[in-house]
Amino acid sequence: MRTETPQPIRLSDYRPPAFLVDEVHLDFQLEPNATRVRSRLTLRRNGEHAEPLRLDGVRLKPVSVAIDGRPLAEDAYAITPEDLTIASVPDAFVLETEVEIDPEGNKALEGLYMSGGRFCSQCEAEGFRKITWFPDRPDVLARYTVRIEADQAAFPRLLSNGNLTQSGALAGGRHFAIWTDPFPKPCYLFALVAGELDELADSFVTMSGRQVELRIYVDPGMAQRALYAMDSLKRSMKWDEETFGREYDLDLFMIVAVRDFNFGAMENKGLNVFNSSLLLADPETATDFDYERIEGVVAHEYFHNWTGNRITCRDWFQLCLKEGLTVFRDQSFSGDMRGAVVQRIKDVKALRARQFPEDAGPLAHQVRPSSYLKIDNFYTATIYEKGAEVIRMLKTILGAEMFRKGMDLYFERWDGHATTVEAFIQCFADVSGKDLSAFFAWYEQAGTPKLEVDAAYDAEAKALELTLSQATAPTPGQPDKQPLPLPVALGLLDLDGEVLSFRQEGTLAPATEAVVVLDQARQTLRFEGVASEPAVSVLRGFSAPVRVVSAAPAKHRYVQLAADPDLFNRWEAGQDLARDLILARAAGEPDEVGEERFAEAMGRALNDQAAEPAFKALLLSLPSESDLAVISAPADPAAIREARESLRARLAIHLGDQLRRLHGGLQEAGEFSASAEAAGRRALRNAALELLAADPRAINVDRAVGHFQAAGNMTDAMGGLAALMLMGGEPFEQALTAFYERWKAEPLVIDKWFAVQARSPSEDALGRVLGLTTHPDFDAKNPNRFRALVGTFAAGNPARFHDPSGDGYRFLADQILAVDGFNPMTAARLVEPLGGWRRYRPELGALMRAQLERIVATEGLSKNVFELASRALE
Ligand code: ARG
Ligand code: ZN
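The name given to the chain in an unreviewed UniProt entry is Aminopeptidase N, with Phenylobacterium montanum as the source organism. Under the UniProt heading Catalytic activity (unreviewed entry), the note attached to the chain is "Release of an N-terminal amino acid, Xaa-|-Yaa- from a peptide, amide or arylamide. Xaa is preferably Ala, but may be most amino acids including Pro (slow action). When a terminal hydrophobic residue is followed by a prolyl residue, the two may be released as an intact Xaa-Pro dipeptide." Recorded under Sequence similarities (unreviewed entry), the UniProt text for the chain is reproduced unchanged: "Belongs to the peptidase M1 family."

Laid out in structure tokens, this is it:
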């Protein structure tokens, strides 16, 4: 059992830094096992006080400490495992330190480490303290000069932030480079990369006519696979100029791809570092989904240059200031690149898959949290995706033009500073003259509001009374919830699917769409001039991150599925119908007539010539098993899976000929295109096949085998393999073997091979996954590989993970504990699937809980895993 409970850090305890750093000079003597880091900091006391100088530093081997050129006596300073304290220092001085670190031995992948024989770094949030002593907090902004020295043959490229100001050869086969970054930055944006890398070079001319050199660095031989990322980068730069008036500031922008990385990517100033899975793509090895993600993440990290780097966070509680805002920006960019509706549906699906369960369980937290043990645990769907929804609502409430004005003011007022969410919102209050204090509650109140919609139509008066009410269930630490200002976009359709106009009470002109802001627990709105009984299309475009509960009859949803001009709600109507049918069946009350009717309506929707293929592909995919688990209480994953598969089988049988025709007709000829249109056609073709897989008769098995064998790109190869996985048996095994043989030299593809097996619905899935943990290609030290197998099984295979034996839970706990020994951040990210224990059938919940208890009781557990597992138990 742990003896001491770690103490949380609280937002209310924020104090400005006691000392500021103006200049940082770093000198790296790179050696894999013993790198020397010399640092020269120009420091000054911040305000009048007599506090000692305290600098963060973890796992640093001290070599020397000097102030203003004089070495300090051993008793003049104190070193603990977490910091260096010097009791008495002048008001302004130069501190020189030297430490030794071991990048090769660093398997936590935080600080300076080695990946594939190259040096790379990850400092956000608190990794810089593993490199040198420093006030490792985002509100200390300094100018950096970095000198890197290494063996020239082993490490031909030496990169850091800013501009290369000097480089050259040295005696003994060594060489050096000096990088200067003119922009003051917090230390979490520091980066260093050294090693053998191929370069893809391009350039971009900014709106003011400056030429910026663009460089992407990848493993030798991989430069062609960076072309799509380069193209995405140039489009991002242009888009940020056009949409937000933001121009890039340095003369050089670099991206490096690394194979071993705990997250997606990192926005270090002028030197972004990417997980190679989010950078490298070509048609043979990457799916359309990979392309989409690359485009989105390249944009995300680039956009951080303004929202994150030039304006950064005062403290880590403000993380959503940069992350929610930057996700909002990258989502808007992707919508402009690929079509707003399809993008919106995908973003909402991701929100429901990741954020809604978080918000409904013991790990629920505010978009701006008020305490934490390890900030790394707060890089969550709530901070990122819900944070983006909050910005989106702000834009909906203020209108596009006022939103842009507020952003302009934010950039002007806060450029070069570390600031807060309050300061951000204040900009919008100032430009609009609106009181946004009630809106601020979106940052401070956790939990997903439930929006209830109740419509009463008075045929005689031609009036509709719409009662909207909201409620949010308690979350840990927040038993009482307040109503939030909820923008609800809505419109009306008659029962033939024609748009109905209406007059909102108090307005004269008839309209076909309105946005009302529900800011009370309950409000009744009256609409007049409504010609006939309407189907009410509420929360168009998913105008607020809430769960809608509506008593509207199924026939209204069918009207929407066929004709809602808001395509988001057209899709949503299909999801709602499917959800109700699946949950009814899971509860032992199948609605056979309803299922037939649904199948027919889906058939008609698929025939709609006006609808885009990408949209139809989304229509065909039913709510996921985990989405359904979040809304059923208590959740029974086995019953949900059976009911969902049975509805899929009905669709596959009822629509069999239509799906096969669709699948055949969309076969691609000619050159591969990564365009959104071509990807949409592939998505629909693969969605048709996936649905057919629910009816594993010979013609469908043969079709999947043929699809897999004929695949000319990775999207189709994975589509075929996934369909075979759903049907199981010999054809799947053969395809797996063929796939492995073809791709065994490509780690990013082999990750997919592990992941598809982890999603297998067959009874022996856990046995297979266990077997794969001893496969020669399995490597728990590589986060991509580890997540592909263990993460996919725990989060992407609910029916097998929640096996009544509890073996799935035990397996996950074993894996968390094993990885926690060397990589706490990656281990901690896997706690979430156990966190929802309260929402599951009590027999399952007890088994989940038991594993959490076992984890918490483990000696030597990291703070990361301890925080999440213990909160999950509360
Ligand atoms: N700031 C990075 C991004 O672009 C993510 C950094 C993740 N760091 C962490 N400790 N979780 O979203
Ligand atoms: Zn980010």
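A. Up close: helix α5 (residues 381–398). Over its 18 residues, α5 extends 25 Å from the first C-alpha to the last, a length consistent with the 26 Å expected when each residue adds 1.5 Å. Gly 387 marks the point of greatest bend in α5, at about 25°. α5 sits mainly inside the fold: 16 of its 18 residues count as buried. Where α5 ends, the next residue or the one after it, Gly 399, has phi of about 90°, a positive value.

B. Structural context of the UniProt feature "domain: Peptidase M1 membrane alanine aminopeptidase" (unreviewed entry) in the chain. Residues annotated in UniProt with the feature "domain: Peptidase M1 membrane alanine aminopeptidase" (unreviewed entry) correspond here to residues 228–441. The distance from the first to the last C-alpha atom of residues 228–441 is 40 Å, and the span holds 56% helix and 9% strand.

C. Region of the structure containing the confidence of the model for the chain. Overall, the predicted model of the chain reaches an average pLDDT of 97, with 100% of residues at or above 70. Two summary scores accompany this predicted model of the complex, namely pTM at 0.98 and ipTM at 0.98.

D. Here's a closer look at the site of ligand 1. Taken together, Glu 124, Ala 125, Phe 263, Ala 265, Met 266, Glu 267, His 300, Glu 301, Glu 323, Asp 376 and Tyr 379 are the residues near ligand 1. Within the residue set of the shell around ligand 1, elements represented by two or more residues are β20 (265–266) and α2 (288–303).

E. Quick peek at the packing of helix α10 (residues 567–586) against helix α14 (residues 637–654). One can describe the packing of α10 onto α14 by two numbers: an axis separation of 8 Å at closest approach and a directional angle of 125°. As far as their axial angle goes, α14 and α10 are oblique. Here α10 runs over α14; the crossing is right-handed. Residues Ala 578, Leu 581, Ile 582, Arg 585 and Ala 586 of α10 form the contact with α14, whose participating residues are Ala 639, Ile 640, Ala 643, Arg 644, Ser 646 and Leu 647. Partitioning the contact of α10 with α14 into residue classes produces eight nonpolar, one polar and two charged.

Criteria and cut-off values
- Residues numbered from 1 in each chain as written.
- Chains lettered and ligands numbered in written order.
- Predicted model: local features only at pLDDT ≥ 70, side-chain atom pairs only at ≥ 80, totals over all residues.
- UniProt positions renumbered as here; feature names shortened; annotations may be inferred.
- Helix = DSSP H or I, 4+ residues; strand = E, 2+ residues; numbered from the N terminus.
- Expected span 1.5 Å × (residues − 1).
- Bend = angle between axes of the 7 residues up to and from the residue.
- Buried ≥ 20, exposed ≤ 12 C-beta atoms within 10 Å, placed from the backbone.
- pLDDT = per-residue confidence, 0-100.
- Near = placed C-beta within 6 Å.
- Axes fitted to C-alpha atoms, helices over the stretch in contact; angles between N-to-C directions.
- Parallel < 35°, antiparallel > 145°, perpendicular 65-115°, else oblique.
- Left-handed = near helix turned anticlockwise from the far one by under 90°.
- Contact = placed C-beta atoms within 7 Å.
- Nonpolar A, V, L, I, M, F, W, Y, C, P; charged D, E, K, R; others polar.

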